[in-house]
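# An overview of the molecular structure
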Amino acid sequence: MRACTLALALLMPLAAADVDVIRERMVADLVAPPQDLHRVQGWAESLRGDGSWGDVAYADQERSGWRTVAHLDRTLGMARAGRQAEGEVAAGLVSASVRGLAHWVDRDYQNPNWWHNQIGVPWKVGDLLLILGADVPGDLRRRAITTILTRAKIGMTGQNTVWLAGNTVRRALLQDDGDLLTKALETIFAEIRVSTDEGVQPDASFHQHGPQLQWGNYGLAFISDHCQWARLVAGTRYALDAQRLAILRTYLFDGLVWSVWRGAMDTACMGRQFSPGSQHGKGRAVLRALAAWARVDADDTARVAEMTAALNGSGPNMLIGNRHFWRSDVTIQRTADWQATLKLCSTRVVGAERVNEENKRGRYLGQGLLSILQDGDEYEDIYPLWDWARLPGTTTAVGSDPDLPTDWKKSLGPEAFVGGASDGVCAIIGQAYVESLERKVRGRRAWFFHPGGVVCLGADFRGPESTLLVTTIEQCLAQGPVHLGLTGAGDVGGVMDQVVETDLVWHRDRAYAFFAPTALAVKVEGRVGDWKTVRPTAGSAQGRVFQVDLTHGPGPSAYAYQILPRCADPDEARTRAASMRILANTPEVQAVAAADGDL
């Protein structure tokens, strides 16, 4: 008994010391982001007597972009600036922050979306309490913890578990509760595992909300949060073991980084969040995760530097080859100067979801979306301008409605024969296609990825009786001239809208080559759109869009074309197009070969 008591006595000071170390590190991180002092002082000066602002939408109940949280964001800005400033300026900002916190706790603003109430708000309130420390009056501190932070109860799955447990860590640090800290951290780190449930998958993709690729939201938060927690607990008894560090490393370097090209996350990898600046915003978040990883594992510093240069375009692309992420029905081809991404769905994989009015028009996102990135801005903020019924690479019935139903249940795809094989350089992908919702369009599709481009075949396509089908070859932002064949250049400064029979369309140093002259609808037009058609975000958008469509059907029909990125001119495109030939494009067999016989 005496030995056990002695061991317990020795462990208790260690646990208490760990709580202090983690809290000090976390507070230092929270205070560190630089603040615009002039802007923050403006917030402090405009704070009303009751601790509120006149221009914050306190009555807002939007489930996604909840405008009321601007109050907490401003209060956090004042608190950080107060800790960075000195003298009377610091004292005034801290005092204003306490008043802002008191207003929120007194009113206890809540949202119909549970995420804000259990994750978002407790997260921000917990950070405020940690930053402000002893400057928060005892009663206000107690009410903030018992009313708001206790809503974040450990549970759920995947990244939601990490967020909820992270808020519990905040509560444990505020209450000096070593046992609660241990429980919360163990819950967070238990999610670092390879699973066929939600979380990190065996192929280094990430699933949440069922078997659905979520690199662009939950999966991005997962690596960002774990980098933070791994660094905060380093050197304490909670430090991550080598096995869990290896899982995070593999997920980051063999999975997530493949989604970013020249600072932009590929549309096919983003999930449901399409908002102004989202592609580059998510790209920057991946770069921040890389920087955070260098602080977790100093041995990876050089690799992080090379990878960062590759992803932001400041250095050569070191990610070259092909990856077929078989758990998520996604294929990515990367070369030194372009990237192609194909997104499918199957009886094993969800193609798209509509949640909180995000991704309202995403019905065809998992139906063969094929995006090609060279400069990185081909689809930048195109979402309110897109014809979502004709996404690049998809085949749909004329007149299709791209909206996902409001009660969409994230259904799996209807066909099992979806997938492919990759040798790390090239890949073959096949699909028995049935459109997911109405299931009126059927066909056979195949894609052949190689270092020179992508060959796309479709066979035995059938739609509703007497209904024409449209295969959209491309729909991206227009830039520079368009060439039809070797002649017929069109200036995108004007308008192009014509149906032509040609075997080659060239635009933005990219060729769309056909194995025989094909009737195509080619257009370049100015468009005006509204972000609220895509998600709950106000604001108009305008731009010029380049689009190529191939109409076929209504009976059994087929298509065959190549996409050849980085073609300097139509002459080079025609030469490269001749390097591939079709062996078969039938309901039974789809096959291509290199003209020289090597592939």
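To be clear, the structure that these remarks concern was listed above.
Here the residue numbers are simple positions, counted from 1 along each chain's written sequence. Given that the model is predicted, a residue must reach a pLDDT of at least 70 before its local features are reported, and side-chain atom pairs must reach 80 or more before they are shown or counted; all residues, however, enter totals for whole chains, interfaces and linings. Side-chain metrics rest on all non-hydrogen atoms present in the structure, leaving aside hydrogens and water.

So, on to the overall build of the chain. On a plain count of helices and strands, the chain comes out with 13 helices and 22 strands. Throughout, the radius of gyration refers to the C-alpha atoms, and the reference size of a globule is 2.2 Å times the residue count to the power 0.38. The C-alpha atoms of the chain give a radius of gyration of 27 Å, which matches the 25 Å a tight globule of 599 residues would have. Residue burial in the chain is summarised as follows: out of 599 residues, 57% are buried. In this tally Asp and Glu are treated as negative and Lys and Arg as positive; neither His nor the chain ends contributes. For the purpose of locating charges, the reference atoms are NZ of Lys, CZ of Arg, CG of Asp and CD of Glu. Distance between charge centres in the chain, computed from 62 positive and 69 negative side chains, equals 5 Å. Think of it this way: any DSSP run of H or I at least four residues long counts as a helix, any run of E at least two long counts as a strand, and we number them from the N terminus. Only protein chains enter the area calculation, which uses a 1.4 Å probe; residues under 20% of their type maximum are buried, those over 50% are exposed, and those in between are partly exposed.

So, on to the nonpolar core. Residues V125, L185, V522 and F546 are the most contacted members of the largest nonpolar core, which totals 159 residues. No other element matches helix 9 (residues 218-232), which puts nine residues into this core. Among residues more than four places away in sequence, those in contact with F546 are E474, Q475, C476, L477, A478, V482, V505, H507, Y512, V522, K523 and V524. In this text, buried Ala, Val, Leu, Ile, Met, Phe, Trp, Tyr and Cys residues form a nonpolar core when linked through side-chain atoms within 4.5 Å. Here a residue-residue contact requires only that any non-hydrogen atoms of the pair lie within 4.5 Å.

With respect to the secondary-structure elements, R510 resides in strand 18 (residues 510-530). In protein, a polar contact requires one atom able to donate a hydrogen and another able to accept it; more generally it is a pair of N or O atoms within 3.5 Å, and residues adjacent in sequence count only if both atoms are side-chain atoms. A polar contact of 3.2 Å, which involves the side chain of R510, links it to the backbone oxygen of I372. Once you skip the residues sitting within four places of it in the chain, R510 turns out to touch I372, Q374, E378, Y379, E474, V505, I563, L564, P565 and C567.

Before going further, it helps to spend a moment on the environment of V500. Structurally, V500 is set in strand 17 (residues 496-507). Accessibility expressed as a relative area gives 15% for V500, which makes it buried. Between the C-alpha atoms of V500 and V94, which are 406 residues apart in sequence, the distance is 67 Å. Ignoring any residue separated from it by four or fewer positions in sequence, one finds V500 in contact with L484, T518, A519, L520 and V522.

Look at any regular strand and the pattern is simple: side chains alternate between the two faces of the sheet. Sheet topology note: the strand 10 (residues 418-422)/strand 11 (residues 427-434) ladder contains five bridges and is antiparallel. Paired with G419 across the strands is G430, a residue of strand 11. For two strands to pair, DSSP has to find at least two bridges joining them. Here strand 10 hands over to strand 11 after four residues, with G424 in that stretch at a positive phi of 90 degrees.

Whenever Lys or Arg places a side-chain nitrogen within 4 Å of a carboxyl oxygen from Asp or Glu, that contact is recorded as a salt bridge. Per the counting criterion, the structure on display carries 33 salt bridges. For R361, the salt bridge goes to D403, with nearest N and O atoms at 2.6 Å. With R361 in the loop between strand 7 (339-343) and strand 8 (369-373) and D403 in the loop between strand 9 (395-397) and strand 10, the pair connects residues that are 42 residues apart, well separated along the chain. Overall, R361 belongs to the partly exposed group, its relative accessible area being 24%. Salt-bridge contacts for R574 lead to D503; the nearest nitrogen and oxygen are separated by 2.9 Å. Here D503 lies in strand 17 and R574 lies in helix 13 (residues 570-577), a separation of 71 residues in the sequence. The class for R574 is partly exposed, based on a relative accessible area of 31%. For D503, a relative accessible area of 23% corresponds to the partly exposed category. Salt bridges here are not isolated pairs; linked through shared partners, they connect D106, D139, R142 and R143.

Only Phe, Tyr and Trp rings take part, Trp by its six-membered ring, and two of them pair if their centres are within 6.5 Å. Stacked means planes under 30 degrees apart, edge-to-face means over 60, and tilted covers everything else. Inspection of every chain in the model, using the stated rule, returns 20 aromatic pairs. The interplanar angle of 50 degrees and the centroid separation of 5.8 Å between the aromatic rings of W163 and Y218 together place this pair among those described as tilted. In this pair, W163 is assigned in helix 7 (residues 158-174) and Y218 in helix 9, connecting sequence segments 55 residues apart. Judged by its relative accessible area of 8%, Y218 falls in the buried class. Aromatic ring contacts, followed pair by pair, group F274, Y379, Y383, W386 and W388 into a single cluster. Sitting above the plane of the F253 ring, R303 keeps its charged end 3.9 Å from the centroid. R445 extends its terminal NZ or CZ atom over the ring of Y433, reaching a point 4.0 Å from the ring centre. Criterion for a charge above a ring: Arg CZ or Lys NZ at most 6 Å from the ring centre, at most 35 degrees from the ring normal.

By this rule the span expected of a helix is its residue count minus one, scaled by 1.5 Å. Compared with the 24 Å implied by 1.5 Å per residue over 17 residues, the 25 Å span of helix 7 between its first and last C-alpha is a close match. Of all 17 residues in helix 7, 17 are buried, a share of seventy percent or more.

Relative to the helices and strands, D225 is located in helix 9. Among buried charged residues, D225 stands out as having no salt bridge; its nearest opposite-charge side chain is R170, 7.0 Å away. Non-local contacts of D225, meaning those with residues more than four positions away in its chain, are made with W123, Q159, V162 and W163.

On to unusual backbone geometry, then. Only a minority of non-glycine residues have a phi that is not negative, and only a minority of peptide bonds are not trans. Cis peptide bonds are those with omega within 30 degrees of zero, and the linkage from G553 to P554 qualifies with 5 degrees. Phi at A204 is positive, roughly 75 degrees, even though this residue is not glycine. Along the chain, A204 falls in the loop between strand 1 (199-200) and strand 2 (206-207). Looking at A204, the relative accessible area reads 5%, which means it is buried.

A few words on the packing of helix 9 against helix 11 (residues 278-296). A fitted line through C-alpha atoms represents every axis, and for helices the fit uses only the stretch in contact; the resulting angles, taken between N-to-C directions, go from 0 to 180 degrees. Between helix 9 and helix 11, the least distance of the axes is 9 Å, while the angle of their chain directions is 25 degrees. Between helix 9 and helix 11, the interaxial angle falls into the category roughly parallel. For the crossing formed where helix 9 meets helix 11, the hand is left-handed. Side by side, helix 9 and helix 11 meet where L220, I223, S224, C227, A230 and R231 of the first sit next to K282, A285, V286, A289, A292, W293, R295 and V296 of the second. Roughly parallel covers angles under 35 degrees, roughly antiparallel covers those over 145, roughly perpendicular covers 65 to 115, and oblique covers all other angles. The sense of a crossing depends on the near helix, which, turned anticlockwise from the far helix by less than a right angle, makes the crossing left-handed and, turned clockwise, makes it right-handed.

These results come straight from atomic positions and should not be treated as a statement about function.
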